[in-house]
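# Geometric and topological summary
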Amino acid sequence: MTTSKTRIKKSIYWTSVWILTSINFLLFIVSRSKFWIAHPGQAWLAAGATQDRTYLASEFERNLSCYQPLTCLRSGGAFISQFLISATTEIAELGGANLNVGQKAAVMLLVGMLWRILCVGIFVTSISRLLASLKASILLTNTLIFVLSGLPLWTLGRILVNMPLGLDDAIITRANDAFYWMSYQELFFYDYGFIAIIPLTIFALSAHKDISKVSTRLLVVIGFILAMFYEAFVPLVFLSGIIFGWKHKREVDLRLLWLVVGQAFWTLARAYSIRFFESSDPSSIYFKDTSFLAVLKIFSSKGMANTKDSLPSIALQLIIIIFVAMTIGSVGGVILIILKIRKPISLRTTNAATSVALATTIMIAGGYLTPKFVELGRQSLGITVAVVIFGFITTQNLVDRFQAKRNSNNLTTTQ
């Protein structure tokens, strides 16, 4: 009888946990993907050939069409998702279903949701393996989603803006706009990759004992695949590995440069492929010189914007984002300690989380010195993910050190 009650309580507990996690995830998706939910087929505005602009296209096809050369660098998720959309639509029509625009849009929404679920699922799995605890993983996942929903940052922004500092109305208006976009700016499908790649990198650094044993070919392939999904991922993993090697062994493993070689292969392949897409069509409004050297020049250009006058504002915004992520990540760590469901965290895991958080912050903060990367409300997502994990793990590590020191002092006193 007791065993049956225990099973029922356990079932109720896990059912409640997954229901609340699902609700939290849906709220996050709604707050950060309003455009794609309301207009699942609006990517046609910049997808496909110019003469075919009236057909319904998904957000994934927008990147595969390569209407702008820079978008060609971030299309890994589109290869997977657009294939599912096209295959589902074709199979349904072969089966006799005559899909209308609304039904096709529903397929796009569903696949888009599946892609986002996959990224969060990778996060849950990686953290679960990293901390050796599913309960800790679910708590950290909910903590992260709560931060990414935008509410904490927006709330802090409202408090700061409404403080009696006697600021000019124009400054307050700009601050309101900044906090809104920092909190709720739409996330594109490739942005969600940060939710997957950051915990994966931490886990890989923590779990792999000796990177020198990884074959050169495998490093090149990893670099190619990472670049395929987002051009920022290779620098993130490369810099994380360098920092981790120095922290853990006081060594710099130059073999990680093969990751950059893999990225170079991807960049060269996509630079060549652009000649087959719309930007090479003279009748397109996106027409450009798509010769190989010209496209490579576009990849290396700094763009049209200028961040020089905005650097103090950008620095302040990044500091606020890091503060919110660190604070709530630490609160999540404290909750885990209170619930007494955690397991000891190794020094290697702590070093891995620290290295990835530092590398992500350096890479993204440095990216704002390059105008084409000025997308604070979106790309700060990477910093948020890394710092929330860092705060969550570091808080528990500090408590362990404090308890160990207190036990040591008690032992000394007893003796």
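Residues numbered from 1 in each chain as written. Predicted model: local features only at pLDDT ≥ 70, side-chain atom pairs only at ≥ 80, totals over all residues. Heavy atoms only, no water.

A few words on the overall build of the protein chain. Check the secondary structure of the protein chain and you find 16 helices and zero strands. The buried share among the 415 residues of the protein chain stands at 46%. A sequence separation of at least 24 residues applies to 77% of the contacts in the protein chain between residues at least 6 apart. By element, 68% of the accessible surface of the protein chain is carried by carbon and sulfur atoms, the whole surface being about 21,300 Å². (Helix = DSSP H or I, 4+ residues; strand = E, 2+ residues; numbered from the N terminus. Buried < 20%, exposed > 50% of the residue type's maximum accessible area, 1.4 Å probe, protein only. Contact = heavy atoms within 4.5 Å. Areas by Shrake-Rupley, 256 points an atom, 1.4 Å probe, with all protein chains shown as cover.)

For the rest of this paragraph, the subject is the packing of aromatic side chains. The geometry of an aromatic ring pair is captured by two quantities: the separation of the ring centres and the angle between the planes. For the structure shown, the criterion picks out 17 aromatic pairs. Centre to centre, the rings of phenylalanine 188 and tyrosine 190 are 5.8 Å apart; their planes meet at 10 degrees, and the pair counts as stacked. We classify phenylalanine 188 as partly exposed; its relative accessible area is 23%. When its relative accessible area of 9% is taken as the criterion, tyrosine 190 is described as buried. Centre to centre, the rings of phenylalanine 189 and tyrosine 190 are 5.3 Å apart; their planes meet at 75 degrees, and the pair counts as edge-to-face. Like tyrosine 190, phenylalanine 189 is buried. The ring of tyrosine 190 carries arginine 74 above its face, with NZ or CZ at 4.9 Å from the centroid. (Phe/Tyr/Trp six-rings, centres within 6.5 Å; stacked < 30°, edge-to-face > 60°. Lys NZ or Arg CZ within 6 Å of the ring centre and 35° of its normal.)

Now for a nonpolar patch on the surface. Taken together, the side chains of Trp246, Val252, Leu254, Leu257 and Val260 define a hydrophobic patch exposed on the protein surface, amounting to about 470 Å² of accessible area. By secondary structure assignment, the location of leucine 257 is in helix α12 (residues 257-273). (Patch = residues over 30% accessible without salt bridge, like charges linked within 9 Å, V, L, I, M, F, W, Y side chains within 5 Å. Salt bridge = Lys/Arg side-chain N within 4 Å of Asp/Glu carboxyl O.)

Another aspect to go through is the environment of isoleucine 274. By secondary structure assignment, the location of isoleucine 274 is in the loop between α12 and α13 (292-300). Take isoleucine 274: its relative accessible area is 0%, and that puts it in the buried class. The spacing of isoleucine 274 and serine 291 is 17 residues in sequence and 8.6 Å in space, taken between C-alpha atoms.

There is about 930 Å³ of room inside the largest pocket. Around the largest pocket sit 39 residues that line it, and Leu200, Thr201, Ala204, Ile222 and Val237 are the ones nearest its centre. Of all the secondary structure elements, the ones that give two or more residues to the lining of the largest pocket are α5 (101-131), α9 (193-207), α10 (216-229) and α11 (233-249). Broken down by element, the lining of the largest pocket gets its largest block of residues, nine residues, from α9. Taken together, the residues of the lining of the largest pocket break down into 26 nonpolar, seven polar and six charged. (1 Å grid on protein atoms, 1.4 Å probe; cavity = no way out; pocket = protein on both sides within 12 Å on 5 of 7 lines; lining within 4 Å. Points joined across faces, edges and corners; volume = space filled by probe spheres on them. Nonpolar A, V, L, I, M, F, W, Y, C, P; charged D, E, K, R; others polar.)

In this section: the side chain of aspartate 191. Note that aspartate 191 resides in the loop between α8 (169-184) and α9. Residue classification places aspartate 191 among the buried residues on the basis of a relative accessible area of 0%. Residues within four places of aspartate 191 in sequence aside, it is in contact with Tyr230, Arg378 and Leu381.

Before going further, it helps to examine unusual backbone geometry. Of note in the backbone geometry, alanine 132 takes a positive phi value of approximately 55 degrees without being a glycine. In this fold, alanine 132 is placed in the loop between α5 and α6 (134-148). A residue is classified by how much of its surface remains accessible, and alanine 132, at 44% relative accessible area, is partly exposed. Even without being a glycine, lysine 340 presents a positive backbone phi close to 55 degrees. Note on placement: lysine 340 falls in the loop between α14 (311-339) and α15 (347-367). Lysine 340 sits in the exposed class, given a relative accessible area of 74%.

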